[in-house]
Amino acid sequence: MKATAQARAAARLAAVQALYQLDMEDTPMASLLDEFHRHRLGAEIEGDQYAEAEVAFFDDVVKGVAARRDEIDDLLSAKLAEGWRIERLDKTMLQVLRAGTYELLARADVPTGSAISEYVDVAHAFFEPREAKFVNGVLDAVAKAVR
């Protein structure tokens with residue numbers, strides 16, 4: 001994986017973590033971004049070295065999801081299986097799907113397949129393969145609707 005691809009992958013993983021924190025704690029955006037810039041992106045935490053992340057990309061995904069959350073959630077709700085509601089999703093899963101949907105909606109510079117596979121990889125960091133397949137299916141359906 002090239003350095004820029006690694007930096008983007010690290011930015012995506014960090015963006016999901018930041019969105020989770022935003023959702024759970026309602027941290028003000030400026031404070032949240034500052035915390036990640038200073039303490040998480042490319043930092044060493046409890047002996048784990050975090051990869052250098054593409055900061056501008058991280059910021060765009062976090063701010064973009066926050067700004068377009070209702071639109072993103074409406075899109076996701078429309079793509080969930082009948083009987084499923086967005087509120088039933090695991091909180092981390094929801095952030096993975098929101099971030100992936102944002103990229104599909106707003107980042108025409110990111111190829112569809114790349115956006116989907118990158119968030120499937122992020123899902124693998126938190127979930128079993130079955131849930132990662134779920135991410136793949138939902139984001140594929142979103143991509144067909146928006147691209």
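A quick note: this is a predicted structure, and the numbers were derived from the prediction, not measured.

## Digging into the packing of aromatic side chains
1) Next: Applying the stated criterion across every chain, the model contains two aromatic pairs.
2) Next: The ring of W84 carries the charged tip of R88 above its face, separated from the ring centre by 3.8 Å.

## Details of helix α2 (residues 29–40)
1) Next: Its 12 residues place the ends of α2 15 Å apart at the C-alpha level, agreeing with the 16 Å of an ideal helix rising 1.5 Å per residue.
2) Next: Inspection of α2 places L32, L33 and F36 among the buried residues, and these make up the whole buried set. Down the axis of α2, the buried side of the element spans an arc of 95°, and every buried residue falls inside it. Projecting away from the buried face of α2 at angles above 90 degrees are the exposed residues A30 and R38.
3) Next: G42 sits one or two residues past α2 and shows a positive phi near 75°.

Analysis parameters
- Residues numbered from 1 in each chain as written.
- Predicted model: local features only at pLDDT ≥ 70, side-chain atom pairs only at ≥ 80, totals over all residues.
- Heavy atoms only, no water.
- Phe/Tyr/Trp six-rings, centres within 6.5 Å; stacked < 30°, edge-to-face > 60°.
- Lys NZ or Arg CZ within 6 Å of the ring centre and 35° of its normal.
- Helix = DSSP H or I, 4+ residues; strand = E, 2+ residues; numbered from the N terminus.
- Expected span 1.5 Å × (residues − 1).
- Buried < 20%, exposed > 50% of the residue type's maximum accessible area, 1.4 Å probe, protein only.
- Arc of directions from axis to C-beta.

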